[in-house]
Amino acid sequence: MLAAAGATMPDRTARRRLDVERVVRLVLIALFGALLYLFVLYPMLQVLWRSVLDGDGRFVGLANYLRYFRTPAIAASITNSLWVSTVAMVLTVLLAFIYAYGLTRTRMPGRGFFRVVAMLPLFAPSLVQAIALVYVFGNNGILTRQTGINVGIYGVRGIVLAEVFSCFPHALLILVAALSAADARLYDAAAALGASRTKTFLTVTLPGVKYGLMSACFVVFTLVITDFGAPKVIGGKYSVMATEIYNQVIGQQNFTMGATVSVVLLVPAVVAFLVDWIVQRRQYALVSASARPLRPGDGALGRRLSLGYCAVVAAFIVGIDLVILTAWRSPRSLPSPGRSSRSRARISSRRPGPRPVRRSTCSRSCPSPFPAWCSGSRTSSRSTRPAAC
Amino acid sequence: MAETVPEVAGARPPAVALEGVTKTFGQVVALRGVSLTVADGEFVCFLGPSGCGKTTLLRIIAGLERQNAGAVRMLGRDVSSLPPSQRNYGIVFQSYALFPNLTAARNVAYGLEARRAARRDVSHRVDELLELVGLRTHRDRYPAQLSGGEQQRVALARALAPSPSLLLLDEPLSALDARVRHGLRTEIKQLQRRLGIATIMVTHDQEEALTMADRIVVMNHGVVEQIGAPAEIYTEPTSLFVARFVGQMNVLAATTESRPGWARVGAVALRCRPTISRAAGMPVTLGIRPEEIEIGSVRNVENRIVGRVSSVQFLGAFTRVAVTAADASLPLLQCDLSVSAFADAGIKEGMELPLALPPDRVRVFDRPT
Ligand SMILES: Nc1ncnc2c1ncn2[C@@H]1O[C@H](COP(=O)(O)OP(=O)(O)O)[C@@H](O)[C@H]1O
Ligand SMILES: [Mg+2]
């Protein structure tokens, strides 16, 4: 009898604790649900709704979409966006893969330093980085004036460069995580079977980071296609979907067309996100419990090569960030960034000269001048980035 | 029942010869001056408790780990500083380590492809090996679609595909359940006999080593304790560690007497197997296996002990009887009896039982002070 009483006692307290846990869980779910609705779902639904209304608020069905795809100037922004995103994706993932490989698979000196430096672009929005690129490579940029060589930064080239720059740390985080999860046993097996470096890379390394690579591709693609800042600043006449929304809403006060482009823009972003989500779930099944962590080999050649490569990349990042920093400290000491006439006309009314740098660095605390849905997709895709490191 | 050890033919150098191999990981000394030879066609087991350096030694032979000192020779060739690809062996890892993204057939083909064999030869050889391990129908399956035993067989086929002169197995059976393990044990042994390939198998399972090996290398804390045929290791252990690690052993703390060949446990004087003479009063450990203790109507006059049966344990082929000696200085003694001997003696718990420790079975080991 005593034993029975003793047995029910903890049972009851345990049940009570379960009840409390359930209440807390429900409250938290409700809270996050409300926040999610307020900041993500509600604006999105608004945009969706707007895209099926005409300028006077009458329901017109898919008329806006038809008009969108029939207007060559606007529809071109789709192909432009896809092109820029694809090129930036391939470049970013390639560059970040080599960098991540150096960090994780060699014993080059200064790995911690290089890892931190590579994260620097995370601390400023792509817009600021694009402005810095203009400061350096623009018509009136530092490098252009010093060397007399104008690389023609405005347009696809500039957008891709700015996007590669700002997406690099995102891709790097994912690839470092993927490359760190290597199974040394497979490398031992390959070595014991007499496989060459190339064969080992193709049959062990690449399949091992397959999902990480795909994930990095999707994340970068989403980041680029939804980015507004860089194309706006450095894109010149090159119109992408994100700037087209701005153009429609702010330039032409055409909210419905802006909403339509936003919904179309949502499609590749959501697809990329979903595929990435599925891929992420499969990645976990790949790393088995008995895997032995890989100790990087001590090949001197690989170490030197990756050191050289990482140093060049890091120097570029530091250089651009120094430009941002000096511009922020003394805005007037720098040459005014030259822009193509069209983009200058479009922006100058709101943000003259180098001042945008100062503005955007504080834009996290200041209210954004753009409608919430304009930057919404960018923010949400940033926050869904898998936490690594 | 002693296994025949293939003699090293004068012309044929040993498949593997290790000379003073030493390996340290930072402060940890994993191996301390290990020397041994493996004859061509011989099956050798590295046996020892977990962490004694068996895997490290195997990896050094494989070239996957570099020794700090010492030499590794294969068929007379010094391979001490050669990479794995130039050593001509096949290895099966403890956890298979099959390439998860390749089918069984492509896994088996891997080593052949790496050696740039012709495509048709590869395909032919892959079929041959999958046939050999009885997995011909599984050639297009991925490792995740194979059971543990099947994966291990694919790993074996993969190791054997390039026709190596040496096969290395790192606890190949430890991850499998008992029935599969016993089946594969025989299979591997038969395969090794048929191919006549020199084989080193690492294991911590003494039963596995005793049943499979031509010779056993018993290791402890990075040193070789004893090398010998299974029967020799079992009947003539040279150290207390080997005696206790391989099979069961009753151990008694004793001191030597002035009479040579005698030792004293508390008040009881015991005659022991004649060994090197020790000075009187030396602390030693006496060891006798449970099945060597004589029981019941004892004919022996020497080393007689009277005890009381404290427990009886039926273990299938034999019965283990624990006996508390009347003399309190003696420890609890385990005696193994065949089923018929047990029935004849009519042993019950609590009954008095005369025992004898045959002197030629009482081994004497040095006791570190
Ligand atoms: N890569 C390594 N780094 C550090 N210590 C190691 C490494 N590999 C093995 N050791 C140590 O060496 C000793 C022997 O290990 P191992 O050869 O794996 O033992 P076994 O295979 O007999 O269980 C252990 O103490 C282990 O901790
Ligand atoms: Mg081991």
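Residues numbered from 1 in each chain as written. Chains lettered and ligands numbered in written order. Predicted model: local features only at pLDDT ≥ 70, side-chain atom pairs only at ≥ 80, totals over all residues. Heavy atoms only, no water.

Right, let's get into the pattern of salt bridges. One pass over the full model with this rule turns up 27 salt bridges over all chains. With a closest N to O distance of 2.4 Å, Arg185 of chain A and Asp183 of chain A form a salt bridge. The exposure classification of Arg185 of chain A matches that of Asp183 of chain A, with both residues buried. Here Glu207 of chain B and Arg185 of chain B are joined by a salt bridge, their closest N and O atoms 3.3 Å apart. Of this pair, Glu207 of chain B sits in helix H6 (residues 206-212) while Arg185 of chain B is found in helix H5 (residues 178-195), placing the two residues 22 residues apart along the sequence. What makes Glu207 of chain B partly exposed here is its relative accessible area of 41%. Through salt bridges with shared partners, a single ionic network connects Asp127, Glu131, Arg136 and Arg139 of chain B. (Salt bridge = Lys/Arg side-chain N within 4 Å of Asp/Glu carboxyl O. Buried < 20%, exposed > 50% of the residue type's maximum accessible area, 1.4 Å probe, protein only. Helix = DSSP H or I, 4+ residues; strand = E, 2+ residues; numbered from the N terminus.)

Contacts between the two partners involve 18 residues from chain A and, on the opposite side, 20 residues from chain B. Summed over both partners, the interface of chain A with chain B comes to about 1600 Å²; 62% of that surface belongs to carbon and sulfur atoms. For chain A, the biggest contributors to the area lost against chain B are Ala192, Leu193 and Lys199 of chain A; these three give 35% of the whole. Counting the contacts that link chain A with chain B gives two salt bridges. Of the charged contacts in the structure, one is a salt bridge between Glu113 of chain B and Lys199 of chain A, with a shortest N-O distance of 2.8 Å. Linking chain A with chain B are six residue pairs in polar contact (both at pLDDT 80 or more). (Contact = heavy atoms within 4.5 Å. Buried area = accessible area lost by both parts, 1.4 Å probe. Polar contact = N/O pair within 3.5 Å; in protein donor to acceptor, adjacent residues only side chain to side chain.)

Low pLDDT marks regions whose predicted coordinates should not be analysed in detail. Residues and elements named next belong to chain B. In the predicted model, chain B carries a mean pLDDT of 89, and the fraction of residues at 70 or more is 95%. The low-confidence segment residues 1-5 (pLDDT under 50) makes 10 contacts with residues lying over four places distant or belonging to another chain. Across the assembled chains, the prediction reports ipTM 0.84 with pTM 0.77. (pLDDT = per-residue confidence, 0-100.)

With that settled, the discussion passes to the site of ligand 1. All residues in the neighbourhood of ligand 1 are listed as Arg295 of chain A together with Phe25, Val28, Ala30, Pro49, Ser50, Gly51, Cys52, Gly53, Lys54, Thr55 and Thr56 of chain B. Mapping the residues near ligand 1 onto chains gives chains A and B. One nitrogen or oxygen atom from the main chain of Cys52 of chain B is found 3.2 Å from an oxygen atom belonging to ligand 1. At a separation of 2.6 Å, an oxygen atom of ligand 1 approaches a polar side-chain atom of Thr55 of chain B. (Near = heavy atom within 4 Å.)

Time to look at the sheet that holds strand S6 (residues 90-92) of chain B. Residues and elements named next belong to chain B. Across the sheet, which stays open at both edges, the six strands sit in the order S6-S7-S8-S3-S9-S10 with mixed pairing between neighbours. Two strands bound the open sheet, and with one partner strand each, they are S6 and strand S10 (223-228). Strand-to-strand twist in this sheet, taken as the mean axis angle between neighbours without regard to direction, amounts to 15°. Relative to S10, strand S9 (residues 215-220) runs antiparallel, the two sharing five bridges. (Pairing = 2+ DSSP bridges. Axes fitted to C-alpha atoms, helices over the stretch in contact; angles between N-to-C directions.)

As a further point, take helix H2 (residues 104-114) of chain B. Counting buried positions along H2 of chain B gives nine out of 11 residues, so the element sits mostly inside the fold. For H2 of chain B, the full list of buried residues reads Ala104, Ala105, Asn107, Val108, Ala109, Tyr110, Gly111, Leu112 and Ala114 of chain B. Looking at the buried positions of H2 of chain B, the neighbouring elements they touch are helix H8 (184-192) and helix H9 (197-208) of chain A together with helix H3 (119-132) and helix H4 (148-160) of chain B. Two residues or fewer after H2 of chain B comes Arg116 of chain B, characterised by a positive phi angle close to 60°.

This brings us to unusual backbone geometry. Residues and elements named next belong to chain B. Of note, the phi angle at Leu75 is positive, near 50°, even though the residue is not glycine. As for its placement among the helices and strands, Leu75 is situated in the loop between strand S4 (69-74) and strand S5 (77-78). The phi dihedral of Asn88 falls on the positive side, at around 55°, and the residue is not glycine. Among the structural elements, Asn88 can be located in the loop between S5 and S6. Judged by its relative accessible area of 30%, Asn88 falls in the partly exposed class.

What follows covers the environment of Gly346 of chain B. Here Gly346 of chain B lies in the loop between helix H9 (339-345) and strand S19 (352-356). Linking Gly346 of chain B and Gly296 of chain B, residues 50 residues apart in sequence, is a C-alpha distance of 9.3 Å.

This next bit is on the packing of helix H3 (residues 72-105) of chain A against H9 of chain A. Relative placement of two packed helices is described by the angle separating their axes and the distance separating the axes. Residue and element names in this part refer to chain A. In contact at an axis separation of 14 Å, H3 and H9 are set at 90° when each is read in the N-to-C sense. In terms of their interaxial angle, H3 and H9 are classed as roughly perpendicular. Seen from H3, the contacting residues are Phe97, Tyr101 and Arg105; seen from H9, they are Phe201, Thr205 and Leu206. Grouping the amino acids of the contact of H3 with H9 by side-chain chemistry returns four nonpolar, one polar and one charged. (Parallel < 35°, antiparallel > 145°, perpendicular 65-115°, else oblique. Nonpolar A, V, L, I, M, F, W, Y, C, P; charged D, E, K, R; others polar.)

The next subject is the packing of aromatic side chains. Residues and elements named next belong to chain A. All told, the structure shown has 13 aromatic pairs over all chains when counted by the stated rule. Each ring, one from Tyr99 and one from Tyr309, has its centre 6.4 Å from the other, and the planes form 65°; the classification is edge-to-face. Of this pair, Tyr99 sits in helix H3 while Tyr309 is found in helix H14 (residues 300-329), placing the two residues 210 residues apart along the sequence. Taken together, Phe97, Tyr101 and Phe201 form an aromatic cluster joined through their ring pairs. (Phe/Tyr/Trp six-rings, centres within 6.5 Å; stacked < 30°, edge-to-face > 60°.)

Attention shifts here to the packing of H3 of chain A against helix H4 (residues 111-118) of chain A. All names here are of chain A. H4 packs onto H3 with a crossing angle of 150° between their chain directions and a minimal axis gap of 9 Å. As the angle between them shows, H3 and H4 are arranged roughly antiparallel. Judged by the twist between their axes, the crossing of H3 over H4 is left-handed. Every residue of H4 that contacts H3 at Tyr99, Gly102, Leu103 and Thr104 is listed here: Arg111, Phe114, Arg115 and Ala118. Across the contact of H3 with H4, the residue classes break down as four nonpolar, two polar and two charged. (Left-handed = near helix turned anticlockwise from the far one by under 90°.)

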